[in-house]
Amino acid sequence: MVPLPSSSHRVSPVPSNSRITPAIAGLCLVFSHAHAADQTTTTTPSDNHTNRKSTSTPAKMEHISVRARRMATVATSATKSDTPLIETAQSVTVITRNEMDVRGVLNLNQAVRYTAGVTADQRGGAVGTRYDLFALRGFSVPTFLDGLKLQDSPTGYAVAQTDTSRLDRVEILKGPASALYGQSSPGGLTALSSKLPTDQRFYGGINTTGGMFDLYRVDADVGGYATDNGFVRYRLYGTVNGQHTQLTRTGSRRFSISPAVTFGGNGPTTLTLLGNYQYDPENGTYGGVPLVGSLKRAPYGYLPRNFYDGDSSFEKYNRRQGAITYIFNHTFNNDWSFTSRGRYDDVKTQYRSVYDMGYYVSDDTLARSAIETYERTHNLAFDSQFKGKVRTGPLHHTLMFGFDYMQQSATEVGFYGAAPDLNVFHPNYKMAIDPMSPWVNYRTDSHQVGAYGQDEIRWDRLILTGSIRNDWYRSHQVESNYNSDSRQSPSQITWRASGLYHFDFGLAPYISYSTSFQPQSGAVSSDGGKTMHQAAPSLGKQLEGGVKYQVPGTSILLTATGFHIEQTNVLVAVGNTGYSTASGLVHSDGFEFEAHAEPYKNLMVTASVSFQKVRDDSTGKPLMQSGKGNSSLFVFYTMPSGPLKGFGFGGGMRYSAKTYGGEASYGSVWIPQYALFDGSIRYDLNNLSHRLHGWTVAASVRNLFDKNYVANCLAYASYNQEFCYYGERRNAQASVGYTW
């Protein structure tokens, strides 16, 4: 059979100003054992006895560290500059390093679970170590690292994955953002920020973690001044980790190291070089379970959650990825600056798998197929911009003019074939796999050039923002197996306009309109197949309005948002003719509420609620794997005094409304709603003894009550193929860490 794309990103061989209150709230005085991830400067107070006669005994100096950290009330992704969220006319969720540590986050799929509008774990609980698969406002979204896009391969297997141990923070920007970022999704994007050298003379830490499913993990981080005056600073961090997945006979291993060096100290010109090499010799499985026997009862009952549909002797996912990034900043004066950043990365994967076809050949025997691909991508990305401030009468302008460029060269050789059937009661995981037939053999070269501008206008408390961009995209793909040669060269203008008014008492209502575009590949005809041409990009537009409230002088931030998204020019297949029409229209309408509060440094509260309706007009159904909403609450409290001083405890609840999984032989597939509970504890051992200064112990558990649930499904009635994916089982871990 001809391989068809799945709906979950991979191609599968089966259908498958300046209010400064937030900044002040982010400053605190702490002793010199501040966490290494915080940006810290050390100052020595002047001697209070300078008018007295000096003695030969040196004065005892008191060293105080001032720790300044970007709070969850400031973000860069929406405007490409540090802007308070209360003054950002778009919905942005910030997940800080501290929050990830408290929750025991090990991958991006886990990090976003408490975000409003997210349909999490689209491939269940077993794939999070391989790919980051979740939807935002109903759409798959791209990932940007340090402001530069992580480019996917054309078929989606050679995709870089960023280990969360490398991250300082995560930002989820919701809604179209092409006016600043180019090709992107109507749902938004994920913006990751790497750990970089900080203003500390010497710091570091090591953390060891162990847990269920044979989890082992060692994360190390060290940095400081390479020169006495701090003009050159360095940082080196990495991880070694591994774990069996919740499926029988599968597991993952990873080795990652990231060196970084910054030249320029606190001067007007700085250059940071950041490298990374990551090797995943194995990375779980991409398979699932049949719908009948998981979501729907089979004649024999239900399959266990550890059921594995593949072949352990054949299964392989090997990924090597390397990257080098530069970040250059120059400040001309108090008003104007220039920033440039770029990255080269190389991703190489070998993927081999046997998986079930989603149907039975008898009451207890599954049909299976096999796939093998060798894929490699070479990617370049650059983004440079001038920023400045000017004044015209009563109006204060913050201007930005930018240019970016992306290039990719990708190759893949793939094979596909049948595999022996599998008896679910007596599975044999070491059967011979017949040689497979060539499936794809392509080379793709693509380029994107974008020029953009933005003006943030402030008049008293009114903030108006306008952004506009033009992109020129070219793609050339040669497919050797089918002797095809296809080209694309679309260009697109995208823009954004917004208004926000920030009242004295902290309230900020806003409204915004933004657009997006995404190139897409496929043969399109508008005259019944008589003439064919490459598909134009799909286009997105969003109207969003809402209100934000930040309690003055605190980091307590509440956001309520309503949105309407339309995606047009979506490809709609015309029967089995091999071509499509660009007639698809997708709507996404919803409401979201989020609360982030750190009213005291020993209390953290995050809460979210979302309701959404995502509809594909071409089918009259929701988008496959899109949920109807979610809600969550996470609270963590650290005892400030008493015998348990330094002991922190908390937990969370996350609820997912029902999700549409496609059309099965019996009708529409809806995955039931579910609610899960998590728990965390931490203890600073310095409170037991000064000899334990810097030591911390922690533990966390996900799905505390071990709820058995299906996370998502993919059902294609026309192919008689129906897959589902079990959610993450109870998973507990404990760690011991030391920082200096």
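What you are looking at is a predicted structure, and each value in this text was computed from that prediction instead of being measured.

**A look at the environment of methionine 100**
Turning to its location among the elements, methionine 100 is positioned in helix α2 (residues 97-103). Note: C-alpha distance between methionine 100 and leucine 167 (67 residues apart in sequence) is 9.6 Å. Apart from residues lying up to four places away in sequence, methionine 100 is in contact with Ile95, Val105, Ala111, Leu167, Arg169 and Val170.

**Observations concerning the sheet that holds strand β38 (residues 667-671)**
The strand order across the open sheet formed by 5 strands is β19-β42-β41-β37-β38, and the pairing between neighbours is mixed. Pairing within the sheet leaves two strands with one partner each, and these edge strands are β19 (289-290) and β38. With 4 bridges connecting them, strand β37 (residues 659-664) and β38 associate as antiparallel partners. In the sheet register, threonine 659 faces β38, and the bridge partner there is isoleucine 671.

**Looking at the state of the cysteines**
Applying the stated criterion to the full structure yields 1 disulfide. Bridging cysteine 713 to cysteine 724, the disulfide has an S-S length of 2.1 Å. On the S-S bond that ties cysteine 713 to cysteine 724, the torsion sits near 100°, and the link is right-handed. Linking cysteine 713 in strand β41 (residues 710-716) with cysteine 724 in strand β42 (residues 721-726), this pair joins segments that are 11 residues apart in sequence. The class for cysteine 713 is buried, based on a relative accessible area of 0%.

**Details of the packing of aromatic side chains**
Throughout the structure, instances matching the rule amount to 26 aromatic pairs. Judged by centre distance (6.4 Å) and plane angle (20°), the rings of phenylalanine 255 and tyrosine 279 are stacked. Within this pair, whereas phenylalanine 255 is found in strand β17 (residues 251-263), its partner tyrosine 279 is found in strand β18 (residues 269-283), the two being separated by 24 residues in sequence. By relative accessible area, phenylalanine 255 is classed as partly exposed at 35%. Three or more aromatic residues joined by ring pairs form one cluster here, namely Tyr131, Tyr157, Tyr286, Tyr317 and Tyr351. Above the plane of the ring of tyrosine 181 lies lysine 80, whose end atom (NZ or CZ) is 4.8 Å from the centre.

**Some words on the confidence of the model for the chain**
Residues of the chain with pLDDT of at least 70 account for 88%, and the chain-wide mean is 88. Counting interchain partners and residues more than four positions distant, the pLDDT-below-50 stretch residues 1-70 has 154 contacts.

**Remarks on the pairing of strand β16 (residues 232-244)**
Across 10 bridges, the pairing between strand β15 (residues 215-225) and β16 is antiparallel. Bridge pairing links glycine 223 to arginine 235 in β16. The hairpin formed by β15 and β16 contains 6 residues between the paired strands, and glycine 230 there has a positive phi angle of roughly 75°. Sheet topology note: the β16/β17 ladder contains 13 bridges and is antiparallel.

**Focus on the sheet that holds strand β9 (residues 139-140)**
In spatial order, the strands read β7-β8-β9; together these 3 strands make up an open sheet with antiparallel pairing. Two strands close off the open sheet at either side, each with one partner strand: β7 (118-119) and β9. Of the strand pairs in this sheet, β7 and strand β8 (residues 135-136) are connected by 2 bridges, and their pairing is antiparallel. When the bridges of β8 are listed, valine 118 appears paired with leucine 136.

**Some thoughts on unusual backbone geometry**
Its identity is not glycine, yet aspartate 121 carries a phi of approximately 50°, on the positive side. Considering the arrangement of structural elements, one finds aspartate 121 in the loop between β7 and β8. One non-glycine residue, asparagine 703, lies in the positive phi region at around 55°. Tracing the chain through its elements places asparagine 703 in the loop between β40 (695-702) and β41. Residue asparagine 703 is classed as buried on the basis of its relative accessible area of 2%.

**Here we look at the pairing of strand β6 (residues 92-96)**
Consecutive side chains of a regular strand alternate in pointing toward one face of the sheet and then the other. Judged by how many residues are buried, β6 sits mostly within the fold: 5 of 5 residues are covered. The alternating pattern of β6 places Val92, Val94 and Thr96 and Thr93 and Ile95 on opposite faces, both of which are buried.

**A closer look at the pattern of salt bridges**
Under the defined criterion, the tally for this structure stands at 33 salt bridges. Ionic pairing is found between glutamate 594 and lysine 174, a salt bridge with its closest N-O pair at 3.4 Å. With a gap of 420 residues between them, glutamate 594 in strand β33 (residues 580-600) and lysine 174 in strand β12 (residues 167-174) connect regions that are remote in the sequence. Neither residue differs from the other here; glutamate 594 and lysine 174 are each classed as buried. Notably, a salt bridge pairs aspartate 404 with arginine 469, separated by 2.6 Å at the nearest N-O pair. Taken together, the residues aspartate 404 in strand β23 (residues 395-423) and arginine 469 in strand β25 (residues 462-479) connect sequence positions 65 residues apart. Residue class for arginine 469 comes out buried when judged on its relative accessible area of 2%.

Basis of the calculations
Residues numbered from 1 in each chain as written. Predicted model: local features only at pLDDT ≥ 70, side-chain atom pairs only at ≥ 80, totals over all residues. Heavy atoms only, no water. Helix = DSSP H or I, 4+ residues; strand = E, 2+ residues; numbered from the N terminus. Contact = heavy atoms within 4.5 Å. Pairing = 2+ DSSP bridges. Disulfide = S-S within 2.5 Å. Buried < 20%, exposed > 50% of the residue type's maximum accessible area, 1.4 Å probe, protein only. Phe/Tyr/Trp six-rings, centres within 6.5 Å; stacked < 30°, edge-to-face > 60°. Lys NZ or Arg CZ within 6 Å of the ring centre and 35° of its normal. pLDDT = per-residue confidence, 0-100. Salt bridge = Lys/Arg side-chain N within 4 Å of Asp/Glu carboxyl O.

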